[in-house]
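Structural overview for review
Each chain, letter by letter, is given below.
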Amino acid sequence: MNDISAYSKVIFLGGGVMAQRLYRQIDGIENKLIGVMDLYEPEDRKRTEFMGLTIQSPKELEAEIMSDDTAVMVAIGSPYIGTILNEYMQKYRHQKDHMFLVNPYSSLRFFCIDDGFAGEERVPFTDEKYKIVEKLFTDNESCSIFKQLVTAKPYETVEDSYEIVPYSLLEEMFYYKEDYWDSFEFPDTAAANEATVLDCGAYIGDSIEQICRSIPQKEVNYYAFEPLLENAESIKKNESLKKICSRLNVYQFGVGSEDTQMVFQMPVTGDKEGGRFVEDKNSAAADCLEIRSLDGLNLDIKGQLYIKMDIEGAELGALKGAERLIKSHKPYLAVCLYHRKNDLLEIPMYLHHLMPDYKFYLRGGYHTILWAVPE
């Protein structure tokens, strides 16, 4: 059955904020909900009950889960849900054809509960721009991901309802993985010895090893751009990263369209995954961060250039601030498109205008990433 309303009983996996929202949304749930489960041990759980039901382990609810008239609703609002679900399925092997989840393609970032970008006006899906952009993509996988994005039910405000879909429809695409060229097949001609990587939004350096492993060059001149002090310091202190790169350069500022300062606001949950650049300098839980344009840095580019961008919705501005660099060095680009609704259109169109001979690919999951590849 592909509709959760067809089941007479429902069990929630997760009992937090998303579970509360889904409880308000699912018709008749007050009479159907028979259990709530959590993968954490009892002493590690943030909550012990949900809507009067004691939160239990999947093992305790196994008999109910295996019933043909019981649906499992994944009610977890976390960017790591792909990892969580893999753990659940491997450990318990429950009937996945009875499992439902929120379609991640409805908003790209539905787990950001107080996400200010959710209310941005989206280019209507009937607009001709979608056809133009779809034609830019090179392979079938990219086109499939693109169609998932533009046919999913839009999530327009934080009060909106979620689109609930069977797990089986998204099983192969439902993962949290930052594919910065990891699955790209580089041509033999790309295997020159030296490369320069600009990691925009380096966080704590968690992308460095994956990127260095993925690209064909072995001598890597690595620039990490991270505006948050604690993260930048974490990269500098990580001695193992210095062994991966021939040179590791850490800069404590972000990248944008110009040299300026921008206000970065954390969500009320404190989860840095949901951080946003905002206009209001008086916003609560906000930091004023230094921002520089890549074109203004006079970087020492050695060999093939690679640019990765995961900068919380500032990607388009940062690309515009790197226009001269892109035109002169023809880099491989891996740019996150999931922060703002219209980046799916605006970023590929901007790059195509800038570099008409580039090839474009989409790689999806929770992190929808655009590859722009030079000929």
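This text goes with the structure placed above it.
Values in this document were obtained by computation on a predicted structure and should not be read as measured data.

**Regarding the nonpolar core**
In this structure, Leu198, Phe225, Leu294 and Leu351 are the most contacted members of the largest nonpolar core, which totals 51 residues. Apart from residues lying up to four places away in sequence, leucine 198 is in contact with Tyr223, Phe225, Leu294, Leu299, Leu305, Tyr306, Ile307, Lys308 and Leu325.

**Focus on the packing of aromatic side chains**
Inspection of every chain in the model, using the stated rule, returns 21 aromatic pairs. Ring geometry for tyrosine 130 versus phenylalanine 146: centroids 6.4 Å apart, planes at 50 degrees, classification tilted. With tyrosine 130 in helix α5 (residues 128-134) and phenylalanine 146 in helix α6 (residues 140-151), this residue pair connects regions lying 16 residues apart in the sequence. Classification of tyrosine 130 by relative accessible area gives buried; the value is 6%.

**Comments concerning the side chain of asparagine 249**
Assignment of secondary structure puts asparagine 249 in strand β10 (residues 247-251). Here asparagine 249 is in contact with Asn221, Tyr222, Tyr223 and Ala224, once residues within four sequence places are set aside.

**Side note on the sheet that holds strand β3 (residues 49-50)**
Ordered by their spatial adjacency, seven strands build an open sheet running β3-β4-β2-β1-β5-β6-β7, and the pairing between neighbours is mixed. Edge strands, defined here as strands with exactly one partner in the open sheet, are β3 and β7 (164-166). As paired elements, β3 and strand β4 (residues 53-56) share two bridges and run antiparallel to each other. Across the sheet, residue phenylalanine 50 finds its bridge partner in β4, namely leucine 53. In the packing of helix α4 (residues 81-92) onto the sheet, contacts are made with β1 (9-13), β2 (33-37), β5 (70-74) and β6 (99-102), and the angle to β6 comes to roughly 170 degrees.

**Notes on α6**
With twelve residues, α6 should cover 16 Å at 1.5 Å per step; its first-to-last C-alpha distance of 16 Å lies within 8% of that length. Inspection of α6 places Ser142, Cys143, Ile145, Phe146, Leu149 and Val150 among the buried residues, and these make up the whole buried set. Here the buried residues of α6 occupy an arc of 165 degrees about the axis, which is enough to place them on one side. Projecting away from the buried face of α6 at angles above 90 degrees are the exposed residues Asn140 and Thr151. In this fold, the buried residues of α6 make contact with α5, α13 (343-354) and β17 (359-363).

**Side note on the environment of alanine 334**
Within the secondary structure, alanine 334 sits in strand β16 (residues 332-336). Sequence-wise, alanine 334 and alanine 372 are 38 residues apart; in three dimensions their C-alpha atoms are separated by 6.6 Å.

**Here we look at the environment of leucine 297**
Relative to the elements of secondary structure, leucine 297 occurs in the loop between β14 (286-292) and β15 (304-309). Among the residues examined, leucine 297 registers a relative accessible area of 16% and is labelled buried. Setting aside residues no more than four positions away along its own chain, leucine 297 makes contact with Phe225, Phe253 and Arg292.

**With respect to α4**
Between its first and last C-alpha, α4 extends 16 Å over twelve residues, near the 16 Å set by a 1.5 Å rise per residue. When we look at burial in α4, the residues that qualify are Ile81, Gly82, Leu85, Tyr88, Met89 and Tyr92. Relative to the axis of α4, the buried residues are bounded by an arc of 130 degrees and lie together on one face. Along α4, the residues that are exposed and aim more than 90 degrees away from the buried face are Gln90 and Lys91. Those residues of α4 that are buried are in contact with β1, β2, α3 (62-65), β5, β6 and α7 (167-170). The first or second residue beyond α4 is arginine 93, which carries a positive phi of 50 degrees.

**Thoughts on the sheet that holds strand β9 (residues 219-225)**
Strand order across the open sheet formed by seven strands is β10-β9-β8-β15-β16-β18-β17, with mixed pairing between neighbours. A single partner strand is all that each edge strand has here, and the edge strands are β10 and β17. In this sheet, adjacent strand axes meet at a mean angle of 15 degrees when their direction is disregarded. Pairing analysis gives four bridges linking β16 to strand β18 (residues 369-373), with the strands arranged antiparallel. Residue valine 335 lies in a different strand from β18, and its bridge partner there is leucine 370.

**A closer look at the environment of tryptophan 181**
Looking at the element boundaries, tryptophan 181 is found in the loop between α7 and β8 (194-200). You can call tryptophan 181 buried: its relative accessible area is 0%. Taking C-alpha positions, tryptophan 181 is 10.0 Å from leucine 370, a pair spaced 189 residues apart along the chain. Here tryptophan 181 is in contact with Phe186, Ile211, Ser214, Ile215, Tyr306, Ile307, Lys308, Tyr332, Leu333, Ala334 and Trp371, once residues within four sequence places are set aside.

**Remarks on the pattern of salt bridges**
Counted according to the given criterion, the structure contains twelve salt bridges. Here aspartate 139 ties to arginine 363 by a salt bridge, and the two come within 2.8 Å at their closest N and O atoms. Of this pair, aspartate 139 sits in the loop between α5 and α6 while arginine 363 is found in strand β17, placing the two residues 224 residues apart along the sequence. Judged by its relative accessible area of 8%, arginine 363 falls in the buried class. With a shortest N-O distance of 3.9 Å, aspartate 182 and arginine 213 are connected by a salt bridge. Pair noted here: aspartate 182 is in the loop between α7 and β8 and arginine 213 is in helix α8 (residues 208-214), with a separation of 31 residues, a long-range link. On the accessibility criterion, aspartate 182 (29% relative accessible area) is partly exposed. What emerges from the salt-bridge pattern is a single network uniting Asp139, Glu141 and Arg363.

What counts and what doesn't
Residues numbered from 1 in each chain as written. Predicted model: local features only at pLDDT ≥ 70, side-chain atom pairs only at ≥ 80, totals over all residues. Heavy atoms only, no water. Core = buried A, V, L, I, M, F, W, Y, C linked by side-chain atoms within 4.5 Å. Buried < 20%, exposed > 50% of the residue type's maximum accessible area, 1.4 Å probe, protein only. Contact = heavy atoms within 4.5 Å. Phe/Tyr/Trp six-rings, centres within 6.5 Å; stacked < 30°, edge-to-face > 60°. Helix = DSSP H or I, 4+ residues; strand = E, 2+ residues; numbered from the N terminus. Pairing = 2+ DSSP bridges. Axes fitted to C-alpha atoms, helices over the stretch in contact; angles between N-to-C directions. Expected span 1.5 Å × (residues − 1). Arc of directions from axis to C-beta. Salt bridge = Lys/Arg side-chain N within 4 Å of Asp/Glu carboxyl O.

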